[in-house]
Amino acid sequence: MCMIKRLVVFLLCVVMALMIVGCQEKAPEKIVLNEVTHSVFYAPMYAAISLGYFEEEGLEIELVNGGGADKSMTALLSGQADIGLMGPEAAIYVFNEGRENSAVVIGQLTKRDGSFLVGREPDEGFKWIDVAGKTIIGGRKGGVPEMTLEYVLRKHGLEPGVDVTVDTSIQFNLMGGAFEGGVGDYVMLFEPTASMFEKEGKGYILAAVGQESGEVPYTAFQTTKSYIKDNPDIIKRFLKAIYRGQQWVQKASDKELAEAIVDFFPDTSIEALMMVAKSYREIDAWMDTPVMKREAFDRLQEIIIQAGVLTEKADFESVVDNSFAEEVVGSVK
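On a predicted model such as this, the values are computed, not experimentally measured, just so you know.

K.L.:
Which residues make up the nonpolar core, and what are the values?
P.N.:
The nonpolar side chains of a soluble globular protein tend to be buried, and buried together. Formed by 104 residues in total, the largest nonpolar core has its most connected members in Phe221, Phe238 and Ile261. Element by element, the count of residues in this core is highest for helix H11 (residues 232-251), at eight residues. Excluding residues within four positions of it along the chain, Ile261 makes contact with Val40, Ala43, Tyr46, Ala47 and Leu273.

Right, dumping it as structure tokens:
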């Protein structure tokens, strides 16, 4: 009888131990996410992080600033990052190299160029033809912001280097300072720099490049074929969190959005972030789902071809895998 009691006690202890282990939360799976730069332009992603959407999917995001698409892609291909946030052109270039484990676009975040043309004087009647004979500080030669600017100029009958000078000699982070110091007649600036320049009387926003270029898959999430093969469930959960962030941003007020992402920009005030949110909403910069459109992808390639960087278009299905994003959109209510 004593032996039976001992056995019962032992079994009860085992059951309780298993119950305790079962109740313990599973440790979140870490994703190293390499972003091409740190910008308010990526607000839906930061909102998804701060609102806990990734945590709810059992994921922990380690955010790394790549400092350029080339560096972000190198980190992705070398295994230093699991997912990269950068322009889809990076995946196109890698595909054209013929790499076996090439990069694949799995979801889209922004759908327009996020830069603004800033001039030295306010001009409510500005037309793009007004830049003829002038100099625009345009960014790195071959970068998508600079190539999109050239695309817009040609759209308005202006040939870069002939009808208008596009200065590509100044680094991205130095463009605002160069303009403030007297270089150029116009400068291309992202937010919040563009709005801060206007607020401080250093320059005036005259046009949004994204409104003129049309919808373009400007920034997208990318990973490698091998990561997709090994981690399909993680990709689904990742994109589910992103989609929820995108949907939340569509409904949130500018103040709510600013408050959600302010911890990612400690040197920027709530008021400035509200101003930026308003600016990007006005040009319809953010995707409301992570699914990339074929026609937008083709427009991006046309921009790159016109710039002389590509000679022919890559096949959509070879570079973009919409299957995870489509499944997520269909499953989230």
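K.L.:
Requested: an account of the sheet that holds strand E8 (residues 186-189), with residues and values cited.
P.N.:
Taken in spatial order, the five strands line up as E7-E6-E8-E5-E9 in an open sheet, and their pairing is mixed. Either end of the sheet is taken by a strand with one partner, and the two such strands are strand E7 (165-167) and strand E9 (204-208). For this sheet the average axis-to-axis angle between neighbouring strands, irrespective of direction, equals 30 degrees. Relative to E9, strand E5 (residues 116-119) runs antiparallel, the two sharing four bridges. Bridge pairing links Leu117 to Ala207 in E9. Lying over the sheet, helix H6 (residues 144-155) contacts strand E6 (135-137), E7 and E8, oriented at roughly 170 degrees with respect to E7.

K.L.:
How would you sum up the environment of Leu273? Please name residues and give values.
P.N.:
Among the secondary structure elements, Leu273 is positioned in helix H13 (residues 270-282). Residue class for Leu273 comes out buried when judged on its relative accessible area of 1%. Between the C-alpha atom of Leu273 and that of Val262, which follows or precedes it by eleven residues, the distance is 7.6 Å. Other than its neighbours up to four places away in sequence, Leu273 contacts Val40, Ala258, Ile261, Val262, Phe265 and Thr268.

K.L.:
Can you lay out the packing of helix H12 (residues 254-261) against H13 for me, pointing to particular residues and giving the numbers?
P.N.:
At a closest axis distance of 8 Å, the pairing of H12 and H13 adopts a crossing angle of 120 degrees. Considering the angle they form, H12 stands oblique to H13. Between H12 and H13 lies a crossing of right-handed hand. Residues Asp254, Lys255, Leu257, Ala258, Glu259 and Ile261 of H12 lie in contact with H13, whose contacting residues are Ile270, Leu273, Met274, Ala277, Lys278 and Arg281. Of the residues assigned to the contact of H12 with H13, the class counts are seven nonpolar, no polar and five charged.

About the thresholds
Just so you know, the residues in each chain are numbered from 1, in the order the chain's sequence is written. Two thresholds apply to this predicted model, a pLDDT of at least 70 for residue-level local features and 80 or more for giving and counting side-chain atom pairs, whereas whole-chain, interface and lining totals are computed over all residues. Each side-chain value is derived from all of the structure's non-hydrogen atoms; neither hydrogens nor water enter the calculation. Only buried Ala, Val, Leu, Ile, Met, Phe, Trp, Tyr and Cys residues count toward a nonpolar core, and they belong to the same one when joined by side-chain atoms within 4.5 Å. Relative accessibility decides the category of a residue: with a 1.4 Å probe and only protein chains considered, values under 20% of the type maximum give buried, values over 50% give exposed, and everything between is partly exposed. Here a helix means four or more residues in a row that DSSP labels H or I, a strand means two or more in a row labelled E, and each is numbered from the N terminus. Residue contacts are counted whenever heavy atoms from the two residues lie within 4.5 Å of one another. Strand pairing requires that DSSP identify at least two bridges connecting the strands. The convention used is that axes are lines fitted to C-alpha atoms, helices contributing only their stretch in contact, and that angles between N-to-C directions extend from 0 to 180 degrees. Just so you know how the angles are binned, under 35 degrees is roughly parallel, over 145 roughly antiparallel, 65 to 115 roughly perpendicular, and the rest oblique. By definition, any crossing whose near helix is turned counterclockwise from its far helix by less than a right angle is left-handed, and any crossing with a clockwise turn is right-handed. Any residue outside Ala, Val, Leu, Ile, Met, Phe, Trp, Tyr, Cys, Pro, Asp, Glu, Lys and Arg is labelled polar, Gly included; the first ten of those are nonpolar and the last four are charged.

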